[in-house]
Each structure stands twice: as structure tokens, then as C-alpha cells.
Amino acid sequence: MPGKAAGLLMVVMTLLAGLAVPANAEDKPITWRACEKSEGMPAGARCGAIEVPIDWSRPEGRKVRLDLVKLPAAEPARRIGSVLGIPGGPGGNGIEDLKLAAGHLTELRRRFDLIGYRPRTTVWRESAPASCLRPGMALYEPRDRKQFKALAATMSKAFKQCRADDRSGLFSHLDSLSVAKDMDAIREGLGEERLSFMANSYGGVASAAYIRLFPQRIRAMYLDGVINQTDGWPSANLVAARGVQEALERFGRWCAATPACALHGEDALDVWRKLVRDADARPIPAESSQFGEGELTGWALRSLGFPPDPGPGHARWLDFAQSVDKARRGDGSGFGEFVIGNLRVWSMPGMLAMTCGDERGYTGWAQRAEYGRQIREIAPDLATASFDALGCTGWPEKVANPARPLDPRGLPPMLGVGTLEGDFPWTDHFIRMVPGSVTVGYEGPGHVMYLNGKKCPIAHATTYLTELRLPAPGTTCPAE
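The structure displayed is predicted, hence computed values, not measured ones. (Residues numbered from 1 in each chain as written. Predicted model: local features only at pLDDT ≥ 70, side-chain atom pairs only at ≥ 80, totals over all residues. Heavy atoms only, no water.)

J.: Before we go on, may I ask you to explain the overall build of the protein chain in this structure?
T.: A count of helical and extended segments in the protein chain gives 17 helices and 12 strands. In terms of overall dimensions, the protein chain is globule-like: its C-alpha atoms have a radius of gyration of 23 Å, near the 23 Å expected for 480 residues. Oriented by its inertia axes, the alpha-carbon framework of the protein chain measures out at about 65 × 60 × 50 Å. The buried share of the protein chain, reckoned over its 480 residues, is 55%. When the accessible surface of the protein chain is summed, it comes to about 20,700 Å², and 54% of that surface belongs to carbon and sulfur atoms. Here the protein chain contributes 58 positive and 55 negative side-chain charges, whose respective centroids are spaced 3 Å apart. (Helix = DSSP H or I, 4+ residues; strand = E, 2+ residues; numbered from the N terminus. Rg over C-alpha atoms; globule rule 2.2 N^0.38 Å. Buried < 20%, exposed > 50% of the residue type's maximum accessible area, 1.4 Å probe, protein only. Areas by Shrake-Rupley, 256 points an atom, 1.4 Å probe, with all protein chains shown as cover. Lys, Arg positive; Asp, Glu negative; His and termini not counted. Charge placed at Lys NZ, Arg CZ, Asp CG, Glu CD.)

If you want it as C-alpha cells, here you go:
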């Protein structure tokens, strides 16, 4: 019976999605103008804007303005439609993405208008009250239920102060379901029956939300290094943790074979493990130029210290080894800026407001404890609590966009790209939900290939978006 009930619920949800009211009920086309030179856009770019409800449950209420940029198709007689970019972050600016990617997407632009926009999360990030951008606390790993409740209470107080100081009304409406409805309003304003999409990083969460609400409006969807929230953040973090653990083990082998590695001649992983054990017992002083003094605990180092992407010429791994060597001697400067900075940023209520509505926080101590058990099995050298989920502990609003599976029926096959040593597992996990889809693995370092000008992934994306033709399963792109 439970299975039948779940199946009936899925059918009802699908019907409701199909009957969704068009996002832009007034059906106003976007008014385009030539972009000013001061706006720094490529030649021929057109600028516009659209207003959408801050609260989509009150469509006649207060509005927020979303700026847009269009690069018109170079061959208008052969134009297929529009491709809308879905930026990451959260808080990324799709207009800046388009500026960065325009020179790499000339082939795609032959047949498509390329559209970039400034999401509501970007509007919020650039205008949030000062109290929203102050760290609520220095995050720490709660060891028991009492500490967990204390952390939640402290963060709840910071969230409520931010909400009280917010005059825009956006604080409570930054979830990806609201973003997805904005995206459909843009589709309406463009006059397109169906859109093609290019999403990156956190844009995967908005992509999933759009799939749930408007599956019939998707012509094609290209996903580049995206996060998969649909099984819940603990699951997404465990998928990533397995990859990071494997990368840490590769680092150990690389260091053993590389004289330039500061830990060469020692067991690099043993050095790292001892460092984090010692730091848990006696934290290492460190500081950030922006946030001041702090401490490097073993939990903080396991959470944020190791870069799974080695970087060009293994530069990041060379820096990591040097930072480990200095830290074991009491000098935490190699980790201070990044680790202390991230722990502060991920306790800023204004930053967290852009993601807690997507159910990023732990639901309670029981879930956090179970996550700790699972990650110790999957990735024993990593932290037992996720810093981003801890930051959302104490979120005072209802979770607007809870994690749940997608219904793939009626969706077109999709294309994903991910770095084999980085974000491939996340992207592939998302792609596998849609039958017939393919994920291309990139063999080099990096994140978001089309923003980094990687020719092979961009060529696959162009072919897919233009011809709706996917590469063979198992296709990879060599490092460029």
C-alpha cells in the first residue's frame, strides 16, 4: 500500500506541474536595449530586465528586478531559440558568467541567443543588511546533543536578527523553487515555448527545481559540475566525500613520487592524520586577513584543508604539502586564510539564507550523528560533520525546497560534464536520474568547463544543445 500511495502522489505532482500557471501571468515581453559600454558586455549585447514577485504565493505583492543580458544569435535565419545560463554560488551572477564565457561559446551562439541574468540571490548578496553579513559564530563540530542545540540556538538568533533587519523581503524567499519560478518568468518574457539551459555548480539545485515545476518547458539541459540535492545534502556530501578520500590517497602516492613535495620521503598521509589528531587536542593558532584570529581544529582541517583538485602542475597539492609541513610546527598560516575565512563565511546568516531553504541543514542531532557514522566508513580521513549543514542549523523558516527524487518521465536526455578528480560524481549522480543521459568526464583539473574555455567539453555541449545529439556513454575529454 505505501508504494501505491507514493506512486499516486507522484502522478498528482506530475499533473500539478503540467498545470502550473505560467510564471509571468501578465505575459509581458522583455524590452531590450543596446548595452552601455560601461556595462562591459561584448559587442552586440542587448540589456533588459524583468520584475518578478518576491513571494510567488503573492504574485501581486512586492517585486524584485532581475537584470538580463542577451547575445543575439549570429545567424538569425538559422536561429533555434535561447539558452539560459543558470549560475552557481548560490549568489553567482549569470551576467558575469556570460561575459566570461562569451568568447568560448561562439559556435553555440551561431544558432542561439545566449541569455545571462542576475538571480534574486545575487540581488540579495549585493544588498543584504550589514547584520546579515556578520558571522553568527565560529563554527565548530558539536560532540553531543547539548552542543548541537547550543549551536542551533546561536545560529537561530543570528538568522532572526538578519530577518528583522531585512527591508527587501528577500530573506525568506531565496530558495531554489523561487529561483526556478523566476527562470520560467524569463522564458515567458523571451516568448519561448521551451528553453535550453546551461547550468553550473549550485545551479544544479535550481535546475532540479525547474524540472519539478516545469518539465514540459525544457528543450535541453547541459549540467556542468553541478550539485545534486535531490537525495538530500547528507547524501550529496557523502558522494563528494568518497571522491575527496580517493583524491587524498592519490595525493599520498603523488607526494611519495615527487621530490618537490614538502612531505616527500615520509608517509604523507600519516603526517596529515597526525596533524589533525594533534589539532583536535591542541588547536593551531591562525588568522584571516578579513576575519582576524582563529583556531585550526582537526575538524576544521579535515573539512576544508585538503584540495581534491591538484591544480595546474599540481600547484595546489604542492601548497597543501607545504602548509601541512608548517602547521605541524605550529605555523597555521598556510591554512588560515581559507579555513578560517570559510568557517566565518558559512556562519553568515545572509550567505546561508541563499541555501538553507533548500534543506541544507541537519534536521536534528540524530541525522547529524548518523551522517558522522556514514562518513567515517566512507572517508575516514575527513570530518564527521559538514560545515555547511552546521551553518544552516537553527534556520527559522520553513524549508521551501526539500530534497526529493525527480520524476524523469517526459524529460529530454541531458548532458553532464564533470572533472574525474573532482565534481564528476555529483554531476553523474544527477544525470543518471534521467534515462538516456550521458556524463562526459574531464581528465584535468578545474570546475565548470564552459566558464574555463575547455574546448572538448564545450564542443560536446554545442553539439548536444544544437542537434540534441549526445556523445557515447563513457566519453572523456583529455586535459587541455
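J.: Looking at this model, I keep getting lost on the pattern of salt bridges. Mind explaining?
T.: Any two side chains of opposite charge can pair, given that their charged atoms come close. Considering all chains together, one arrives at 32 salt bridges under this definition. In this structure, Arg143 engages Glu141 in a salt bridge whose closest nitrogen and oxygen atoms are separated by 3.4 Å. Judged by its relative accessible area of 7%, Glu141 is buried. Where salt bridges share partners, they join Arg65, Asp67, Arg118, Arg125 and Glu126 into one cluster. (Salt bridge = Lys/Arg side-chain N within 4 Å of Asp/Glu carboxyl O.)

J.: Before we go on, may I ask you to explain the side chain of Ser323 in this structure?
T.: Looking at the element boundaries, Ser323 is found in helix α11 (residues 315–327). With a relative accessible area of 9%, Ser323 lands in the buried category. For Ser323, the contacting residues outside a window of four places in its chain are Gly334 and Phe335. (Contact = heavy atoms within 4.5 Å.)

J.: Even after reading the chapter, I still don't get the packing of helix α8 (residues 233–256) against helix α16 (residues 424–431), so can you show me in this structure?
T.: Two quantities define a packed helix pair, namely the angle between the helix axes and the distance between the axes. Where α8 meets α16, the closest approach of the two axes is 8 Å, and the angle between their N-to-C directions is 130 degrees. Taken together, the axes of α8 and α16 lie oblique to each other. Contacts between α8 and α16 involve Ser235, Ala236, Asn237, Val239 and Ala240 from the first element and Pro425, Trp426 and His429 from the second. A breakdown of the residues in the contact of α8 with α16 according to their chemical character gives 5 nonpolar, 3 polar and no charged. (Axes fitted to C-alpha atoms, helices over the stretch in contact; angles between N-to-C directions. Parallel < 35°, antiparallel > 145°, perpendicular 65-115°, else oblique. Nonpolar A, V, L, I, M, F, W, Y, C, P; charged D, E, K, R; others polar.)

J.: Looking at this model, I keep getting lost on the sheet that holds strand β4 (residues 81–86). Mind explaining?
T.: As a general point, the strands of a sheet are linked pairwise by backbone hydrogen bonds and lie either parallel or antiparallel. The mixed open sheet is built from 10 strands, whose spatial order is β1-β2-β3-β5-β4-β6-β7-β10-β11-β12. Each edge of the open sheet is held by one strand with a lone partner, namely β1 (33–34) and β12 (476–477). Here 2 bridges tie β1 to strand β2 (residues 46–53), and the two strands are oriented antiparallel to one another. Bridge assignment links Ala34 to a residue of β2, and that residue is Arg46. (Pairing = 2+ DSSP bridges.)

J.: Explanation requested: the environment of Tyr140 in the structure shown.
T.: Among the secondary structure elements, Tyr140 is positioned in the loop between α4 (120–127) and α5 (145–165). C-alpha of Tyr140 to C-alpha of Leu343: the two residues are 203 residues apart in sequence and 8.5 Å apart in space. At 3.2 Å, the side chain of Tyr140 forms a polar contact with the backbone oxygen of Gln147. Reaching out from Tyr140, the side chain makes a polar contact with the backbone nitrogen of Leu151 at a distance of 3.5 Å. (Polar contact = N/O pair within 3.5 Å; in protein donor to acceptor, adjacent residues only side chain to side chain.)

J.: Quick question: what am I supposed to make of the nonpolar core here?
T.: Among soluble globular proteins, nonpolar side chains are generally buried collectively. Trp124 and Phe251 are the most contacted members of the largest nonpolar core, which has 137 residues in total. Tallying contributions element by element places α8 first for this core, with 8 residues. Core analysis: the next-biggest nonpolar cluster, separate from the first, contains 5 residues, Tyr202, Val205, Ile227 and Trp233 among them. (Core = buried A, V, L, I, M, F, W, Y, C linked by side-chain atoms within 4.5 Å.)

J.: I tried to follow the state of the cysteines on my own but got confused; where do I start?
T.: Put plainly, a disulfide is one covalent bond tying together the sulfur atoms of two cysteines. Under the definition given, this model contains 5 disulfides. Disulfide pairing places Cys356 opposite Cys392 at an S-S distance of 2.1 Å. Across the disulfide from Cys356 to Cys392, rotation about the S-S bond amounts to roughly -95 degrees, and the bridge is consequently left-handed. One end of the pair, Cys356, is in the loop between α13 (349–352) and α14 (365–378); the other, Cys392, is in the loop between α15 (387–391) and β10 (415–419), and 36 residues separate them in sequence. Just as Cys356 is buried, Cys392 falls in that class too. The disulfide that involves Cys456 links it to Cys477, with 2.0 Å between the sulfurs. Across the S-S bond of Cys456 and Cys477 the torsion is about -70 degrees, and the bridge reads as left-handed. (Disulfide = S-S within 2.5 Å.)

J.: Would you explain the packing of aromatic side chains in this entry?
T.: What characterises a pair of aromatic rings is the spacing of the ring centres plus the angle enclosed by the ring planes. Enumeration over the complete set of coordinates arrives at 19 aromatic pairs. When the centroid spacing of 5.3 Å and the interplanar angle of 35 degrees are considered together, the rings of Phe171 and Trp395 count as tilted. On the criterion of sequence distance, the pair formed by Phe171 in the loop between α5 and α6 (176–190) and Trp395 in the loop between α15 and β10 is long-range, its members being 224 residues apart. Its relative accessible area of 1% is what places Phe171 among the buried residues. On the accessibility criterion, Trp395 (15% relative accessible area) is buried. Members of the aromatic cluster, each reached through a chain of ring pairs, are Phe251, Trp254, Trp272, Phe306, Trp317, Phe320 and Phe335. (Phe/Tyr/Trp six-rings, centres within 6.5 Å; stacked < 30°, edge-to-face > 60°.)

J.: Can you walk me through the pairing of strand β9 (residues 292–296) in this structure?
T.: For a regular strand, side chains alternate in direction, first toward one face of the sheet and then toward the other. Where strand β8 (residues 284–288) meets β9, 5 bridges bridge the pair, whose relative direction is antiparallel. Within the sheet, the bridge partner assigned to Ala286 lies in β9 and is Gly294. Hairpin connection between β8 and β9: a loop of 3 residues separates the two successive antiparallel strands.

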